[in-house]
Every structure is written in C-alpha cells, then in structure tokens.
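If you want the building blocks of each chain, they are given just below.
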Amino acid sequence: MNTIKLAALDRTVQVIEWGRRHTPKAGGALSYLLVSVLMGLALLVRLALFPLEAGLQYLTFFPAVALAFVIGGFGPGLFSVLIGMCLATFIFIPPFYAISLHSLYAAFWSNVVFLVDGVIVGSAVMAMQRHQSRLDSTIDSLQITRQAIEGTSDGYWLCDASGKLLDVNNSYCRMSGYSRQELLTMRIPDLEANETPGETAEHMRKLIEHGCDVFETKHRRKNGEIVDIEISTSYLKRGDGYFSVFARDISERKRIETELRNSEEKFRHLYENAPIGIAMAKQDQKIVSANAAYCRMFGCTQEELRDLTISDLTHPDFQQSTQQMSHDLLEGEFPSYAFEKKYQRGDGSTFWGRIIATRLVSGNPQENYIMGIVEDITDRVEYEIQRISDVLEQRDVLVREVHHRIKNNLQGVVGLLRQHASDHPEMNEVTDVVVRRIYSIAVIHGLQAHALAEEVELDGLVKGILDASEGNVNYRNNLHCKVFLSKDEAVPIALVLNELVTNACKHRAANTRLEIRLDTDRDDTLITIDNHFEEVGPEAAGDGQGLALVNSLLPRKSAHLLALRRGDIYSAELRLSPPVTINRA
C-alpha cells in the first residue's frame, strides 16, 4: 500500500509540473465545475482499470486531487477531496453503490487518511507554487540583469576572492581582445598593467574591508596594447566571496585630458611669459589675474592689482570711454575692441598703451570675463607727437614766410599806387581808397607773419589800420582777454574796419579826434567808433556807398553794424560774435 502511495505521489508531482505548465488557471464557480469533472474522469478511469472488489478506491482520486489543487487552488482542491471521499464510500465500500452504517464505519479511517493526505498534498502544492513563482521571478530578474550586463558598453566580470575570473560579458571580451573561454582561465594579475601581483592582492584585501571602490588603472590587451580603464567594483559576501566589477574604457577621455592639459600648459606659458601685458577682469572691472609683463607695466604685484579696477589704471581723460566700451563688450554689442588710450600708474606716472579686449563667455552670463592685451606704445606716441610738432613748426615757418612776402608785395603795390597818385593828382581820392584797402589786407598778413596761429589778433589789426589813417585818434582797448578773428573772416572784417575808420576820418569836424573803443559784452566783442561830423551827409547817416560796402562784407549771423546819432556825434557800433571771434585767456 505504501509503495502504491509513493508511486502515486511521484505521479502526482509529475502531474503537478505538467499542470503548472499546461493548465490555465481558473477561478470562481468554473474552478469547482472543472474539479467536479476531473473527479468524475478519475472515477471512470478507476472503474475501467480494476473491479470494485479490488479496493484501491483512491488510486486515481489521489492524482486528481493534486491536479485540482494545481488548477483551482486550495478551496477547489479541498472540494475535490470531499468528492473523492464521498465517491469512495458510496461506490467502493460494500454494500457497493449504497450508504450504510457499516460502509461509513469501514471507510472512516481510510477517508481520514485520504483527507489528511489531501490537505498535505494541497499544502505542498500551494507551497511549491509559491516557491515556483518566486523562483520564476528570480529567474526573470536574473535574465533581465544578464541582458542588461550583456547589453552595456562597459565591460563586466565576476571573479572570486583570489582574482580568478568566473564570468565576463561580451563588452569586456571586445575591450580586452580575449575570447570568453580565454578570459575564464585567467586571473586579474594576468590583465593588470598598472600594478604588480602583490599590489593587486593588497588592493583586493582593502576592497574586502571597505566593500566597494572606484579607481583608474591600466589593462593589457591580448595584442599587448595598454588601455586606460575605470574600475567600479563591489565585494559580495556570499560563500567564499566574489567581486562584481564594471570596467569602462577611458582611453579617449584620457587622451582628451592630456591634450587639454598640454594646451593649458602652453597657454599658461604664453600667458605668463608674453612680452606684452595680459590681464583678466570680472564684470565689475575688478582685476582677477595678470601676467608678469602687465605687473611690470603698472609697477604693481599680482596682489596689489587684485585690489584695483580697470578704471583705477586708466587716465581720467579716458575713463568714461573705457567704461562704455567695456559695458558694450559684455552686453555682446561687439566681440572685441581695440583702441589707444592713456594709462596711469600708482605712483602718478602715465604711459600710452594699445588695448585689445575681448569677452570670455562662460555658462553663467553673470560670470563672463574681459581679457585685455595691453602694449606699451609710449615711445611710438611720443615719436609721433614730436614728428607732428616738427611738421607744424616747419609749416609755421613756411606760412610765416609766405605771409611776410605777401605783405611786402602788397606794400610794394601800395607804394606804386601812391607814386601813381602823385603823378596824377586827379586820381588822389580813388587811389587813396584803394591804397587803404590794400594796406588793411597787408596788415593782416603782417600780423600772421609774426604769429604762429592763422587767426588774427583784433587789437593788432585795429592798431595797424589806425597807423595808416594818419589822423588824430584816441584808441582804448577795454577787452578782458585777447580776441582773435577766425582766419576765414579776418580779411572781410579788416576791410570793414578800414571803411569805417576811413569814412569817419574823412567826415570828422576840424580840430576833433576820432574815438575808438574795444569792449566786451558777455561773449560778444563791441568795436565803437565815435566822431564829430562836420556836416550831415548821406555817408554820415549810414546810407552812403561806403556803408553799403561795409554791409555787403559783414558775415550774416555773427556780425552786426549799428549807426547812431547823438547830437553832433555819430557812432558806428560793430558787434562781433563767435565763431567770427575767438576769445583766449
């Protein structure tokens, strides 16, 4: 009987496995219906195999009950046990196909054993299903993990505490150039190119103590090539212990880092040893760094410069323009700028420099910098200033000589005209007018021949015209400063003054003196000519031909002539304004 039960149990296990794989799960009333059908089929099989008298009433019920637990769960499985007990008592216990006290008594213990076995089998099936579910979940998780490890571009291997490789992924095979079979026969020291076997063993010992580590090392490929590797490893405390290792090829990153480091070194060498000054400043114009040439240029140390701004080093005449250009540069108005300006040192001395500035853009707009390259051009500027000064001096000498010769020629013309007038007395009046006008122009060239500037001083011009008038004149200069006539208006004003003085001398009363004054009225210059007229004529009234010529020569906006009469005194007031006049202290 026990042998039969063991065989039935073995078959039950097989049925359970088959049912787990091929039988769909059912729930609710359908589960109980399926269980009932299953027990009916088990009964038919039993009746077909053995006669009623042979007993063995549970032979087919036992696997059916196990399958019921698999299909429906614990409730339907227990329901199948009850069905089996009822069928076994009703059909297989004499009297067959009948229920009596005798049959109930005879089947009691066998039914109890069947019930207990059913419960045990059901519990076992449920436990196996739960275990299998967890096992399936674990297997799925391991498969996902394995797929992830195989799919990653990083190399992976698993090794024991002695460093022997137990598993590797395809990425590390490609990385090392070895096949999987070759790697599984190797140990870590066989691949390590940066540490000796003793150092590797010591490293592994420390790793066991700390549990995990990330470090860089070098591995040797199958072809002998050395590759830079970043190792991320952790120690698993299971059994004798394992190391789970991820390896990343960082050769390209190392190459870029080396090139960047070399480039930085070259720039640093160029920055520190450049013969011209280089400095960097923040957005608030605070200097953050400067090279040795810049420090020598301003006579400061690096620490002293960090307490200064660009404005502190700029001459006051250029501070406003420098601040504006720096602001526009940081705002992105232009990528760089270059101009020449004057600098000042801490000791008060100054020098000329040519600045080329550009903006250094960072990820944060608030952390942009200005880099400036400054070249000391003091010698060049001073040479240029001296050259211009020499050119101007040569020009002044040449212009002065030209004015002197023009004056001499004009005076020669005046002498010829006077000689002509002496030979032809009837032309005296006309000749005298022309002589005076030419003489006025000669006075201007005479003044310009003695002065460095092309402007003509008003005081000297008036005195020159009065010297030619040969009349009694009282002249007073009440100006507060020197007044000059612009070079473009000097000749017209000289002719106007000549006409006014000539007209006044011609019509003044006998035994009277001509009064001429120069006065200042704010920015205007007043030239006043007072005269006692002998008789009232059209020229005295201001509407003669002489005054018509005067009005035609006057500049329209910066010169005004006013003729007044006070009793027997007639006044001509000429008001001159900038830009005809130029006031200088």
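About the cut-offs
- Residues numbered from 1 in each chain as written.
- Predicted model: local features only at pLDDT ≥ 70, side-chain atom pairs only at ≥ 80, totals over all residues.
- Heavy atoms only, no water.
- Phe/Tyr/Trp six-rings, centres within 6.5 Å; stacked < 30°, edge-to-face > 60°.
- Helix = DSSP H or I, 4+ residues; strand = E, 2+ residues; numbered from the N terminus.
- Buried < 20%, exposed > 50% of the residue type's maximum accessible area, 1.4 Å probe, protein only.
- Lys NZ or Arg CZ within 6 Å of the ring centre and 35° of its normal.
- Pairing = 2+ DSSP bridges.
- Patch = residues over 30% accessible without salt bridge, like charges linked within 9 Å, V, L, I, M, F, W, Y side chains within 5 Å.
- Areas by Shrake-Rupley, 256 points an atom, 1.4 Å probe, with all protein chains shown as cover.
- Salt bridge = Lys/Arg side-chain N within 4 Å of Asp/Glu carboxyl O.
- Contact = heavy atoms within 4.5 Å.
- pLDDT = per-residue confidence, 0-100.
- Lys, Arg positive; Asp, Glu negative; His and termini not counted.
- Charge placed at Lys NZ, Arg CZ, Asp CG, Glu CD.

> Tell me about the packing of aromatic side chains, and name the residues and values.
In total, this model carries 11 aromatic pairs according to the counting rule given. Seen from their ring centres, Y294 and F298 are 4.8 Å apart, and the 40 degrees between their planes marks the pair as tilted. You can see Y294 and its partner F298 sitting in helix α11 (residues 292-298), 4 residues apart, about one turn around the helix. Of the two residues examined, Y294 and F298, each falls in the buried class. Between the aromatic rings of F334 and Y337, the centroid separation amounts to 6.2 Å while the plane-to-plane angle is 85 degrees, which identifies the pairing as edge-to-face. Within the aromatic cluster, the residues linked to one another by ring pairs are Y294, F298, Y343 and F351. The ring of F484 has R584 sitting right over it, with the charged end atom 4.9 Å from the ring centre.

> Outline the pairing of strand β6 (residues 277-281), supporting the account with residue identities and numerical values.
Burial of β6 is extensive: 5 of the 5 residues sit out of reach of the surface. A two-sided burial pattern is seen for β6, the buried positions comprising G277, A279 and A281 on one face and I278 and M280 on the other. Both β6 and strand β10 (residues 369-376) contribute to a ladder of 5 bridges, which runs antiparallel. The residue of β10 that forms the bridge with M280 is M371. The pairing of β6 with strand β7 (residues 287-290) spans 3 bridges and is antiparallel. Along β7, the bridge assignment pairs M280 with S289. Here β6 folds back onto β7, and the loop between the two strands holds 5 residues, one of which, Q285, carries a positive phi near 70 degrees.

> Got a sec to walk through a nonpolar patch on the surface? Specific residues and values, please.
On the surface, a cluster of nonpolar side chains totalling about 620 Å² of accessible area is made up of L30, L33, L34, V37, L41, L44 and L47. Here V37 lies in helix α2 (residues 29-49). Take V37: its relative accessible area is 45%, and that puts it in the partly exposed class.

> Quick one: what's the story with the pattern of salt bridges, residue by residue and with numbers?
Per the stated rule, a full pass over the model turns up 22 salt bridges. The partner of E216 in a salt bridge is K254, with the nearest N and O atoms 2.6 Å apart. Note that E216 is positioned in strand β3 (residues 212-220) and K254 in helix α10 (residues 251-273), a separation of 38 residues in sequence. Salt bridges here are not isolated pairs; linked through shared partners, they connect E216, E230, R253, K254 and E257.

> Describe the side chain of N368, listing the residues and the values that go with them.
Mapped onto the secondary structure, N368 falls in the loop between β9 (350-360) and β10. What N368 contacts, discounting residues up to four positions off in sequence, is K282, Q283, L330, R359, L360, V361 and S362.

> Tell me what's going on with the confidence of the model for the protein chain, and back it up with residues and numbers.
Across the protein chain, pLDDT averages 78, with 80% of residues at or above 70. Predicted confidence for residues 1-9 stays below pLDDT 50, and this span has 6 contacts to residues more than four positions away or in other chains. Residue range residues 536-543 is modelled with pLDDT below 50. Its contacts to residues more than four positions away, or to other chains, number 14 contacts.

> Can you break down a negative patch on the surface residue by residue, with the values?
A cluster of like negative charges, contributed by E375, D376, D379 and E382, occupies part of the molecular surface. Contributions of two or more residues to the negative patch are made by β10 and α14 (378-423). Looking at the secondary structure, you find E375 in strand β10. Given the relative accessible area of 40%, E375 is considered partly exposed.

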